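# Geometric and topological summary
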Amino acid sequence: MLDDGCMRRRERRGEELATRANVVLIQSALAHIRTIACLRRDPGFDSGEVIDDHHELIRLLADTAASLPGSLRADTRQTPAEGLQYAWDMSNELIRRWMRETLASEGIMLEELVS
């Protein structure tokens, strides 16, 4: 059985990883939005799925990115892990796939952070 100190360290590491995941997703969403806006088409996520309506893809990415920063503020009650879970819960399959692939490219396994 783990002692309280070990459990707190594990929780802290989990929150640090969730914070990193939030920042990676926000930065990636902004980069994708800029690319899509400039090209006026879907840049073709790693999944190969193409969306005809680039405005809809921008909206989906912006909604996801906008839902994450609140959990990173020091004066919030929501943890970064809870913010990540919320973004996951509110996303469609395309955005979930994008989240998984984006984080995996940074060595972060999303499955360890959301249920």
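See the structure above.
Residues numbered from 1 in each chain as written. Predicted model: local features only at pLDDT ≥ 70, side-chain atom pairs only at ≥ 80, totals over all residues. Heavy atoms only, no water.

## Side note on the overall build of the chain
Quick note on the threshold: Note on conventions: DSSP H or I runs of at least 4 residues are helices, E runs of at least 2 residues are strands, and numbering of each starts at the N terminus. Any two residues having at least one pair of non-hydrogen atoms within 4.5 Å are treated as being in contact.
Helix and strand counts for the chain come out as four helices and zero strands. In the chain, 61% of the contacts between residues at least 6 apart in sequence involve partners at least 24 apart.

## Some remarks on the pattern of salt bridges
So the rule is basically this: A pair is scored as a salt bridge if a Lys or Arg side-chain nitrogen falls within 4 Å of a carboxyl oxygen belonging to Asp or Glu. A 1.4 Å probe rolled over the protein chains alone gives each residue an accessible area, and that area as a share of the maximum for its type sets the label: buried under 20%, exposed over 50%, partly exposed in between.
By the definition in use, this model includes four salt bridges. With its nearest N and O atoms 3.4 Å apart, the salt bridge here joins arginine 100 to glutamate 93. For glutamate 93, a relative accessible area of 43% puts it in the partly exposed group. For arginine 100, the salt bridge goes to glutamate 111, with nearest N and O atoms at 3.6 Å. With arginine 100 in helix α4 (residues 93-104) and glutamate 111 in the segment after α4, this pair connects stretches of sequence that are 11 residues apart. For arginine 100, a relative accessible area of 27% corresponds to the partly exposed category.

## Focus: the packing of helix α3 (residues 80-90) against α4
Going by this rule: Under this scheme, a helix contributes an axis fitted over its contacting stretch, all axes are lines through C-alpha atoms, and angles between N-to-C directions fall in the 0 to 180 degree range. Any angle that is under 35 degrees is reported as roughly parallel, and any over 145 degrees as roughly antiparallel; angles of 65 to 115 degrees are reported as roughly perpendicular and all others as oblique. We call Asp, Glu, Lys and Arg charged. Ala, Val, Leu, Ile, Met, Phe, Trp, Tyr, Cys and Pro are nonpolar, and the rest, Gly among them, are polar.
One way to put it is that α3 packs onto α4 with a least axis distance of 8 Å and a crossing angle of 140 degrees. For the element pair α3 / α4, the angle class is oblique. Facing α3, whose interface residues are Leu84, Ala87, Trp88 and Asp89, α4 presents Arg96, Met99 and Arg100. For the contact of α3 with α4, the per-class residue count stands at four nonpolar, no polar and three charged.

## What to know about the environment of isoleucine 26
Structurally, isoleucine 26 can be placed in helix α1 (residues 4-39). A relative accessible area of 17% means that isoleucine 26 is categorised as buried. Between the alpha carbons of isoleucine 26 and proline 69 there is a distance of 7.9 Å; along the sequence they are 43 residues apart. For isoleucine 26, the residues in contact, after removing those within four places along its chain, are Ala65, Leu68, Pro69 and Leu72.

The quantities given are spatial measurements derived from coordinates; they are silent on function.
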